[in-house]
Amino acid sequence: LLTILKERKNLTCPKRRNFEFELVDTEDKLVKAISMLSQVETIGLDTETTGLDPHHHKVRLLQVSSLDNPVFIFDLFELKDYSLIQSIIGIDHLKIFHNAKFDLQMLKSVGLNVKPPFFDTMIVSQLLAAGLYNQSASLQSVVEKYLGIVLDKQQQVSDWSVSELSHEQLKYAMKDVQVLLPLFNKLGEELESVNLLRVAQIEFDAIQATSEIEYNGM
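All values derive from a computational prediction rather than experimental measurement.

Draft legend 1. A look at the pairing of strand S2 (residues 42–49). Within S2, eight of the eight residues are buried, which leaves it mostly tucked inside the rest of the structure. Covered by surrounding structure in S2 are Thr 42, Gly 44, Asp 46 and Glu 48 together with Ile 43, Leu 45, Thr 47 and Thr 49, the residues of both alternating faces. Where S2 lies against strand S3 (residues 59–65), six bridges are found, and the strand directions are antiparallel. Bridging across to S3, Leu 45 finds its partner in Val 64.

Draft legend 2. Representation of the nonpolar core. Ranked by size, the top nonpolar core spans 60 residues in total, and within it Leu 45, Ile 73, Phe 74, Ile 85, Val 114 and Phe 119 carry the most contacts. The element best represented in this core is helix H8 (residues 180–193), accounting for six residues.

Draft legend 3. Structural detail: the sheet that holds S2. The six strands are arranged S1-S4-S3-S2-S5-S6 in an open sheet whose pairing can be described as mixed. The outermost strands of the open sheet, each flanked by one partner alone, are strand S1 (21–24) and strand S6 (118–120). Each strand of the sheet is rotated relative to its neighbour by a mean of 25 degrees, with strand direction disregarded. Across the sheet, helix H5 (residues 121–128) touches strand S5 (94–97) and S6, and the angle it forms with S6 is around 55 degrees. Seen against the sheet, H8 touches S2, S3, S5 and S6 and runs at an angle of roughly 95 degrees to S5.

Conventions and cut-offs
- Residues numbered from 1 in each chain as written.
- Predicted model: local features only at pLDDT ≥ 70, side-chain atom pairs only at ≥ 80, totals over all residues.
- Heavy atoms only, no water.
- Buried < 20%, exposed > 50% of the residue type's maximum accessible area, 1.4 Å probe, protein only.
- Helix = DSSP H or I, 4+ residues; strand = E, 2+ residues; numbered from the N terminus.
- Pairing = 2+ DSSP bridges.
- Core = buried A, V, L, I, M, F, W, Y, C linked by side-chain atoms within 4.5 Å.
- Axes fitted to C-alpha atoms, helices over the stretch in contact; angles between N-to-C directions.
- Contact = heavy atoms within 4.5 Å.

In structure tokens:
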């Protein structure tokens, strides 16, 4: 983990200002997005779903952020073949999540299997808070605490099953994943400063197993 952090310093939000996100809802757009993502070593991942149960609810969006690229928002209701997406999440990129085991379970339900290494900003925030109950580990709280950014979560409870998503929903989805790279940067520094990198790595190594355990009913 220390090696990865040193190699990938200063991961920030995209520098270019002529875009916010690109909605990937056709095969042509999918090919273009995957071509761009295949050139990077670190990605942020997030999902928007119709509910919280991977066995009963569906994944609507998979959002992917990376350095100096737009946020790609894959509409899984519109795309039929996920093999190109699997080619990105199934290789040795570092994947940054907030609450990875939820996203892993939801993606598994549609046949997408994410390969480690992982960095989970929720787990790191819990480690840094030493398990104190009065410290929220929600993405909104962690982003505000460490990046000074206030995320508007109103769209979180909106209807993600509608045939055409609104611009507000897509912008919300973009922002949730866009903050993960700079958050990785900041939290990595915090882990190093309090000598918890080894502890964090143990936690990250357990994510896939705990996700599988929960997915299978325990």
